[in-house]
Structures are given as C-alpha cells and as structure tokens.
Amino acid sequence: MRTDADAIDAVANDDAVRLPLWRGVQPVAALWFDAARFDEAARAARMLGAWRSGAQALRFADGDLLRFPQATLADCATLPGLALCALRQDSSQHDAGAQGPLGSAPLAADELQRVRGFDLVLVRGARPCGLRLADGVPLDLSVWVEIGDFTLHDTFDCSVTLTPPALPVLRGKGVREVLGDRIPPPSEEREQFLKQIVADARTRTRTPTAAADGRRTGEDLFGRVLRWLGSGAHGMPGKGASGHGVAAGDGLPARRAPTPPSALRDALTRLAIATRASRLIGWRQGAYLRRMMKRFEDGDLGEALRHALPIDATGDSLGQAFGTPGRRGDLRLGTDAGPSVNVHLDEMVRAHLREMYRRSFERLDREGRIDEAVFVLGELLNARQECLDYLERHDRHAQAAELSLAWDMPAATTVRLLLLAGDWTRAVQIARRDGAFASAVHAMEQSHPEQARKLRLLWGESLADRGEWLAAMDAVWPLPEARALAIEWLRIAEDAGETLSARALVRRAERLPDTLERHGDRIRALARPGDDPADAEAATEARSALAEALLTAPQRTPAIAAIVNALLPAIAGDRAAGRNLLGKSRLNKLLSLGGDPYLKADLPAWSLPPASQRTSLWERRSARAFAAPAAGLMAIHDVAPLPERRYLIALGEAGVAVVDARGQVQQRYATPAETLVIADNGLVALAVARRETLSRVSRLDLVRRTVADLGSLRADAHASRFDGAAWSVVADNRILVIDTAKSLREVIWHVGDLPGPLVAARHDAQYELYLMRTPLGFEHWTYHLPARRLASREIVKLDPQRPCLLLPYGRVCQPMLESLSETRLHVSFDTQSRRREIEIAAGDGRSFGHVSAEQIGIVCRAARQEGLIVTVSTPDRTHVAVCRMTDGDTLATVDWPAGATPQFRESDGHLVFFDDAGRMLDIHADRETVTAFSLC
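What you see is a predicted model; the values in this text were computed from it and never measured.

1. Focus: the overall build of the protein
Move 1: Counting its secondary structure elements, the protein contains 25 helices and 42 strands.
Move 2: Burial statistics for the protein: of 936 residues in total, 52% are counted as buried.
Move 3: Relative to all contacts within the protein whose residues are 6 or more apart in sequence, the contacts with residues 24 or more apart total 57%.
Move 4: Counting every atom, the protein has about 42,700 Å² of accessible surface; 51% of that belongs to carbon and sulfur.

Next up, the structure:
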C-alpha cells in the first residue's frame, strides 16, 4: 500500500479553490469515501449500498473510490459519499473522445492547470490534490457479503401480497381549500336551501349562469324534475360525468367528454314559450338580477359576491334555466368543468355585469382583499389565466398551482407554477405525462434560470429513458455542465442502427470538430457501392437518412460541408437509379450546403428519372396471393417489426431475439416473453410474460442491448405500443398509464371505477379506444393522444352474443358468417352506420363444399385504413383474407397450412402473420413488399 506522500501529489499554491464541492443535481461519475471520516467497514457498507452493475472499487491511502460505468444525474447532497464529476478540459483540448479527470469540485480552467495529468482531483483545505487511478488497489466487495447463514427454500406464490402501482396525487384544490379561513363560512340562511339540493352533487344538473360555466350554486325547479325522473341531463344512462374520473383523493381525474344539451330541457323550453310561461320565468330572473346589482351599487360587496352570477364561461350547456340561483354559502371557486344551464341575458346586460365585476375586483385589489379579488377573477369573470397571474404577482405560487391543476390549465403553466411553489414531484409528473418539458423550460429560462436548468436536465433524462438519445442530447446541450452527458448520449446513438447512427453523425458534425477524424472511414465506406446486395441496400438507406438529416441541419459547419461533398455523388447515383425520392431542389440544396466549387463544376445538370412509385396494398383493385413459408424449429409467440428490416421476436421461455430479414439471429435477450410492446421509435421494448394471475415485465434497450426486470403486475389488457416510457394498462377496473422507465410503480395518469368489464381495447398513435359492458349496454370511450383528453363517451347498441371489433376513428363492428357455398363464403359486419358484406373465395380450385358452417372458424381483426383481416379455418387449411371495409373487396390472400392458425399483429404499416411452428410473413402494406422466413 502506497503512503499518503506517494499517492497524493499536493500542488502548493497560495490561491484557494473558488468552489470547494459540487452542489445540486449533477452528472455523478464516482463517489469518494474518505478514510478520515469512515472506517473500513463503514466505507464498505456505503459502497455496497451505492453499487451498480459494472462499477469499480479502488482503495487509496486516504480513502476508497467507487467509480460508476456511466455518469448519472443525482442530488449531491443526498449521496453517501463525496460526489465526483467529469471536469471539462480547456477549449484547446476539448475532445469528445478524451476522458477528462474526475473532480470533487467544479474547477475553473486555471485551477485545473495545477493538477494536469491526474485522473482524480480532490479538494482538500481549499486546494486541489491529484490522484492516479493506476495507484489504486482494486477491491472485491463480495467478501463483505456473508450468505452462509441463509437457507434456500422452495418458492411460493406472492401474488396475493402484490403491491399495486402508486397512483399520482395530481388533483387540484378549490378556493375554499386554497384560501382557508380567510373566506367566511356558509350562513344559517343557506342551510335549508342546501338540504334541498344535497343530492344534486351526484347529478349532472348545474347552476344557472349567464353562459355555461359548470359552477354549482343553486338548482331550479325543472332541474329537480329531471333528477326525479332519473333521466340524467346528459341523456346518458349509467354513471354521470362526474363519476367518470377517479374518486376524490385518488389522483388525477379523466377529462370529460363534450356534453350535448338536454333534450328534455329543450322540450320544456319550447313548452314554456308556447304557454307564455317564459315571460314569468324571465320576470323572476330579471328581478333576481336587479336585486343582485343593487347590492353591488350599494357597496355591500360581501353579500353581493354571494349572489353574483358567473359570466363568460366556456363549458358545455344543458340548455335554458327555469329558476333563479340561490345565495352562496361561501366564496368557493368552481373547479368542476361539468355542464351548466343558462340564463339567457342580453349582451348589454352581460357587458354591464362584466364592468361591474371588474370595478369590484379593482376595489378589492386596492383594499388588499386579495382572496375576494381572486374569487371575482376566477369565478365571476372566468378570467382564469388572469387570476393565476394575479396570484403569482402576489407570490402566492402554491395557491396558483393548485387552481391551475384543478382548472386543467395548459401543462406548461401548471408545471411552471408547481416549480415556483417548490413542488418538483408533481411538476415532473405532469411534464412527463403531457410532454410539457420543452414549453415549461422555455417559459422559465428568462425569469427563473436556475429552475429551468434543473428542469432541462430532467427533460434530457426523460428523453433518454424513452430511447430518444439525440433529442436528449439536444435538450441538455445548452448546459455546459451537462456536455459530457450529452456526448455520452450521442455515442449511444452512434452505436445504433444505420438510420439513427446516420442522424447522430450529422448532429456530431454540427457540434464537435473531431467528426471527420473519428468517422472518416465510415463516411468513405458509405460513399462507395458495396458488393453484397444486402449491404448495398443498407448503405442506400443510410445515405438517404444522412441526406434527410443534412437537409434539416440548422447550420453549416466545415464538417457538415465535408460530409455532403463526400456523399453527394453516391446520393445522386441512388436518385438516378430510383432508390430515393430527392428532387432537384433538394439536391441543389445539398450541393449548396457542400459549397465545393470543383464538385459543382464537375456535376452535370440534373437529369432525374421518375421516382419509383410505391403502391399501397389498400389501394389495390385486384387481390394478390401470398403463401406461408416452411415450418421452422422454434415457436413464435409475438413479432414486432423494427427499423432497417429487422424483427423483435418473442420466443416464450426461450427469451427474445432480434433477427434480420433472412431470419438470422443478431441479438438474444435472456428474459421470458409471450407478448411484446414496442416503442414508437423502435429502440425500446417491453417483454411481457404471463405468470398465472400476474404478468412479468422486462424492459429491453435495443441500442445498448440491455435487459431490466421491471417486476410484475396484474393486467387484464395492455397496449402493444408505447412512447418508450408511458404504457397503457387495464387492471383492477382501472385504466393506468405506467411510467416504465425504471419500474412499474409510478402511474402518471389513470381513470378509476370503470362502469363495467372491458370487452375490447385499441391503442393507436392518435387514439385509445375502450369498449366496456355495463348493466345498461355497452359504453365506448375514445381518448385523444398525447394529451389523453376524453373525445367521446357514448352508449352503443351491440349484440352481446357476437364478437366486437374496434375500428380506427372510434367505430365498432360485429362480424359473422352470413352464407356459405361451394366456392365462396360471405362475412357480414355491422357498424353503427350501416351493414356491410365481404366475399371470400376458396381459390386455387379449392372448395368449401365438403365442410359445414359449424366446422368453419372465423377470426376477424381490424387494421388501419379501414381494413379487416379475416382468418377462415377449416379442417384441411387456413385461409387469410385482407379486405377493404369501404367496398368489401379482398386485397390480398394468404394460404396457411392446416393445424397452424396464424396470429396477427399490425405495426406501422406492417401486417405480420406468425405461428407456433416458426413461420413469419410480413406484408408491408404501404410499399407492398413482403418478407418471409422460418425461424430455426
């Protein structure tokens, strides 16, 4: 063991280090455990607690070092040891590939000069001291782990004690909760009135307003009639709109569907007009308004505000109100965005009310009565953004954040207010849920730069969790302290497939001057044609990806110009052969971006042949026939197409494999998988394996080739796609959106207490559709993505004895065998609008005549572009038809051997058929290309 004098070369200098240690959230690369503070056992315990896979432990004379395989964002104040981060080299030596020293403090360039040549820099007594990694003695921490006393037992089922995912507490607070005792309590006069309408809290009838605003401050006679009849003002049987979300205290409720006016209320309105009762109703409401305005004119604001009528709301309307409002018991702001009934006022009257409320607000503001002023802005004037700004000007950030969340204001506004209130947990949850990092960062950079910097780091980490490596690099690049982390993410993207690595090459050329030295060989390889046709096709795709990335480069750098000049002849050759779709204007832009006068002089004028026309399967006028490949040796449980003609295949207990277009295995993952959930970018996936009542879920990083076990959960149904982090699951009568970046414990959005069991679900890039069976029939819900706003919720009439298919754009159909003949069978299906029929021919001289209708099994699946996949199974064969629903035409047929019914998956234009005999057939519908192989 080296002595302290041998191991540490202290540099004598009278100038002290300006900043002695790292503060806040930093990309931590290692931890130092000082021997002066901790004995050997304590250091070992702390290192074991902070250990990560791939870490390295070294012992020095004055302490121990735990070095991580890669830097990770962490709060330095909460770490078990002294945080060490990568130190930036000076500009003359800054190199993307250079490994700078690790330091315990953010040293300036002149301070770093004193310890040049060292691998570690520790600040001791306000002066930097250097260490070399070569002087450290490797430690084996396993000797500190004693397992001899443990006894191995048989495993048992733990499903009954499974802890469900934690639901987020993201609901806002009403003004009574926000302002507390500063608003007076309800009056005794109000109590009797409240008793009459207490049941109204569970109905859809709302308070009369000058415009529909959804605040509950009273109830009219006809509203009581509606409740007594049990009709529900929405015309919706079953649960009301207020019951659609989670229960109070459970977290973030679902957003509501637009509500149509009540048909019964419209009928009563017409009756009132016909019988001239409308005059009496108008007289009563006019008298109420006169009394209310007199209170304002008399200066009795306390009582006037309790009787005031909200105006300028934007909520849904149930129709005409027939009664008058009641007196408010308190000045509670409405947070329920449900529908209301209307008191129809002349525009001049509403303008007068608006001016009167505005004067009241100004008076309350002058008198310092902020709470009541907030009530006028948020409740009476419905100036919600102005109300939040007013609270912010008075440094009431926590109150503004609660109201913003309750009112479902834009996510960037809510995130910013939560951050100003110090509520980072909910702010990050909302930013991840709604993808609001960018807008929130840009909104805070000028006014609150420190919070914006921290949020930018979390933004980059969120993108990296989703496999968006280049976007993560772009997010944190403006931060000098995160530059090393950004370069690390860039390197990960460079190791990915051809398309992503091509985009990464352009990003590197934009920002780092060493691009040509590091990647010159690859650029030259792409610039020349290859001998292998498969390699030539991959090079063409890479050049096309490079061309697209170069055309969108925000600035011209010498490295970008050099790449363009090297590749442009090959790109032009691809275009001449019809292998890309670049036009003259885009080729000229590339030529200008390169800026090489000699290349410009040598190139002839562009003479471009017509680009190859890619036909879509959905536009065919005649059927195309396909046949299944030969049987393989391994059962295929699921297939997900990946970029660059690769496939991710679930092999059950045999794990997961990545194969190329010829069926050759390129990568294996040792985790069980029966179904696959693929990210939209094709770089991350989830492997799901059923375990009795639970599902075990593993996360696959297809770029870094790693597997992470996320745990197990109950799942009645789940989406087959996700954005890399947020995954939709139906479990325990709830719709959950789980953040899968680290585990299955964090829920970022949910809807609880579904009205009935799930019948079918469909998850597309723009919609999520759910069909549920309720005691009163079937309910169909449609959510818009990515905001997850409820676009529609409706009752649909369906035959409970027939299967249901959810079609794109929110429709439902029910197929059934209509008729059978010698050579054809007819499948009919009903949608909400009409009945359609598809004819399927036996083909190839075959016949259906030797089988009965009972021997035919029909399975239908919906595809995008109004497509329907019909699988007809008979004792001697399986016939698959790809049909167009708009006219019933058959576009493609697939013959499959008997006894092996193919499964089907649609993903990004791919129609993939596979079975448990190792067959895989992929029809790319948009290009009409086919890939088939047998997995051996």
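Anyway, onward from the coordinates.
2. Looking at the packing of helix 23 (residues 558–576) against helix 24 (residues 584–594)
Two quantities define a packed helix pair, namely the angle between the axes and the distance from one axis to the other.
Move 1: At a closest axis distance of 8 Å, the pairing of helix 23 and helix 24 adopts a crossing angle of 150 degrees. Accordingly, the angle class assigned to the pair helix 23 and helix 24 is roughly antiparallel. In the packing of helix 23 onto helix 24, the handedness of the crossing is left-handed. Together, I560, A561, V564, N565, L568, I571 and R575 of helix 23 and L587, L590, L591, L593 and G594 of helix 24 make up the contact between the two elements.
Move 2: Residues that form the contact of helix 23 with helix 24 fall into these classes: nine nonpolar, two polar and one charged.

3. Observations concerning the pairing of strand 42 (residues 929–934)
Move 1: Alignment of strand 41 (residues 919–924) against strand 42, held across six bridges, turns out to be antiparallel. Along strand 42, the bridge assignment pairs H924 with T929.

4. Examining the side chain of Q26
Move 1: For Q26, the position within the fold is in strand 2 (residues 25–34).
Move 2: Judged by relative accessible area, which is 12%, Q26 ranks as buried.
Move 3: For Q26, the side chain forms a polar contact with the main-chain oxygen of R23, separated by 2.8 Å.
Move 4: Apart from residues no more than four positions distant in its own chain, Q26 is found in contact with T72, L73, A74, C76, C85 and E481.

5. Quick notes on the environment of P27
Move 1: Structurally, the position occupied by P27 is in strand 2.
Move 2: For the pair P27 and C76, spaced 49 residues apart in the sequence, the C-alpha separation amounts to 9.3 Å.
Move 3: When neighbours within four sequence positions are excluded, P27 is seen to be in contact with A71, T72, L73, C85, E481 and L485.

6. Quick notes on the packing of aromatic side chains
Move 1: Summed over all chains, the structure comprises six aromatic pairs.
Move 2: Ring geometry for F361 and Y390: centres 5.2 Å apart, planes at 70 degrees, overall edge-to-face. Residue F361 is located in helix 10 (residues 347–366), and its partner Y390 is located in helix 12 (residues 384–393); the two are separated by 29 residues in the primary sequence. By the burial criterion, F361 is buried, and Y390 matches it.
Move 3: Positioned over the ring face of W477 is R483, at 4.3 Å from the centre of the ring.
Move 4: Over the face of the ring belonging to W477 we find R511, whose NZ or CZ atom lies 5.4 Å from the ring centre.

7. Considering the nonpolar core
Move 1: In this structure, M292, F296, Y357, W469 and W727 are the most contacted members of the largest nonpolar core, which totals 97 residues.
Move 2: By size, the runner-up hydrophobic cluster in this structure holds 30 residues, among which are V506, L550, L567 and L593.

8. Notes on a nonpolar patch on the surface
Move 1: Together, L48, V143, W144 and V145 make up a nonpolar patch on the protein surface, roughly 360 Å² of accessible area in all.
Move 2: For V143, the position within the fold is in the loop between strand 9 (137–138) and helix 4 (175–179).

9. Re the confidence of the model for the protein
Move 1: For the protein, per-residue confidence averages 77 on the pLDDT scale, and residues scoring 70 or more make up 74% of the total.
Move 2: The spread of mean pLDDT over the elements of the protein runs between strand 10 (residues 208–209), the lowest at 37, and strand 18 (residues 675–679), the highest at 96.
Move 3: Long-range and interchain partners of residues 91–98, a stretch whose pLDDT sits below 50, account for 14 contacts in this model, where long-range means more than four residues apart.
Move 4: The low-confidence segment residues 335–343, where pLDDT is below 50, has 52 contacts with residues more than four positions distant or belonging to other chains.

10. Here's the deal with the sheet that holds strand 41
Move 1: Read across the open sheet, the four strands follow the order 39-40-41-42; overall the sheet is antiparallel. The open sheet terminates on both sides in strands that have one partner only, identified here as strand 39 (903–907) and strand 42. Adjacent strand axes in the sheet meet at a mean angle of 15 degrees, parallel and antiparallel pairs treated alike.

11. Brief notes about the side chain of S907
Move 1: With respect to the helices and strands, S907 occurs in strand 39.
Move 2: Sequence-distant contacts of S907, defined by excluding residues within four places in its chain, comprise P641 and I678.

12. Here we look at the pattern of salt bridges
Between side chains of opposite charge, pairing is possible as soon as their charged atoms come close.
Move 1: For the coordinates displayed, the defined rule picks out 41 salt bridges.
Move 2: Across the salt bridge formed by R432 and D739, the nearest N and O atoms sit 2.6 Å from each other. Linking R432 in helix 15 (residues 424–434) with D739 in strand 25 (residues 734–739), this pair joins segments that are 307 residues apart in sequence. In this structure, R432 and D739 share a single accessibility class: buried.

13. Digging into the environment of D521
Move 1: Structurally, the position occupied by D521 is in helix 21 (residues 515–527).
Move 2: Look at D521 and you get exposed, because its relative accessible area is 59%.
Move 3: There is a polar contact of 2.6 Å between the side chain of D521 and the side chain of R524.

14. Details of helix 13 (residues 397–406)
Move 1: Extensive coverage of helix 13 is indicated by the burial of nine of its 10 residues.
Move 2: When we look at burial in helix 13, the residues that qualify are H397, Q399, A400, A401, E402, L403, S404, L405 and A406.

15. Some remarks on the packing of helix 21 against helix 23
Move 1: Two elements in contact, helix 21 and helix 23, have axes whose closest approach is 9 Å; the angle formed by their N-to-C orientations is 10 degrees. When the interaxial angle is binned, helix 21 and helix 23 end up roughly parallel. Facing helix 21, whose interface residues are T515, L516, I523, L526 and A527, helix 23 presents A559, A562, I563, A566, L567 and A570.
Move 2: When grouped by side-chain class, the residues that make up the contact of helix 21 with helix 23 number 10 nonpolar, one polar and no charged.

16. Side note on helix 15
Move 1: Counting buried positions along helix 15 yields nine of 11 residues, so the element is predominantly enclosed.
Move 2: Within helix 15, burial applies to W424, R426, A427, V428, Q429, I430, A431, R432 and R433.
Move 3: Where helix 15 is buried, its residues contact helix 13, helix 14 (411–420), helix 16 (437–444), helix 17 (449–465), strand 25 and strand 26 (746–751).
Move 4: Once helix 15 finishes, G435 follows within two positions and takes phi at roughly 60 degrees, a positive value.

17. Looking at the sheet that holds strand 24 (residues 726–731)
Move 1: The four strands lie next to each other as 22-24-25-26, forming an open sheet whose pairing is antiparallel. The open sheet has two free edges, formed respectively by strand 22 (717–718) and strand 26, since each of these has just one partner strand.

18. Thoughts on the pairing of strand 28 (residues 767–774)
Move 1: Where burial is concerned, most of strand 28 is hidden: six out of the eight residues are buried.
Move 2: Relative to strand 28, strand 27 (residues 758–763) is paired through five bridges, and the arrangement is antiparallel. Within strand 28, the residue paired with R762 across the bridge is L769.
Move 3: Turn length for the strand 27-strand 28 hairpin, with the two strands adjacent in sequence and antiparallel, is three residues.
Move 4: Bridging between strand 28 and strand 29 (residues 777–784) involves eight bridges; their strand directions are antiparallel.

19. Digging into the state of the cysteines
Move 1: Applying the stated criterion across every chain, the model contains zero disulfides.
Move 2: Cysteine C76 shares no disulfide, and the gap to the nearest cysteine sulfur, in C85, comes to 5.3 Å.
Move 3: By relative accessible area, C76 is classed as buried at 11%.

Cut-off values and rules
- Residues numbered from 1 in each chain as written.
- Predicted model: local features only at pLDDT ≥ 70, side-chain atom pairs only at ≥ 80, totals over all residues.
- Heavy atoms only, no water.
- Helix = DSSP H or I, 4+ residues; strand = E, 2+ residues; numbered from the N terminus.
- Buried < 20%, exposed > 50% of the residue type's maximum accessible area, 1.4 Å probe, protein only.
- Contact = heavy atoms within 4.5 Å.
- Areas by Shrake-Rupley, 256 points an atom, 1.4 Å probe, with all protein chains shown as cover.
- Axes fitted to C-alpha atoms, helices over the stretch in contact; angles between N-to-C directions.
- Parallel < 35°, antiparallel > 145°, perpendicular 65-115°, else oblique.
- Left-handed = near helix turned anticlockwise from the far one by under 90°.
- Nonpolar A, V, L, I, M, F, W, Y, C, P; charged D, E, K, R; others polar.
- Pairing = 2+ DSSP bridges.
- Polar contact = N/O pair within 3.5 Å; in protein donor to acceptor, adjacent residues only side chain to side chain.
- Phe/Tyr/Trp six-rings, centres within 6.5 Å; stacked < 30°, edge-to-face > 60°.
- Lys NZ or Arg CZ within 6 Å of the ring centre and 35° of its normal.
- Core = buried A, V, L, I, M, F, W, Y, C linked by side-chain atoms within 4.5 Å.
- Patch = residues over 30% accessible without salt bridge, like charges linked within 9 Å, V, L, I, M, F, W, Y side chains within 5 Å.
- Salt bridge = Lys/Arg side-chain N within 4 Å of Asp/Glu carboxyl O.
- pLDDT = per-residue confidence, 0-100.
- Disulfide = S-S within 2.5 Å.

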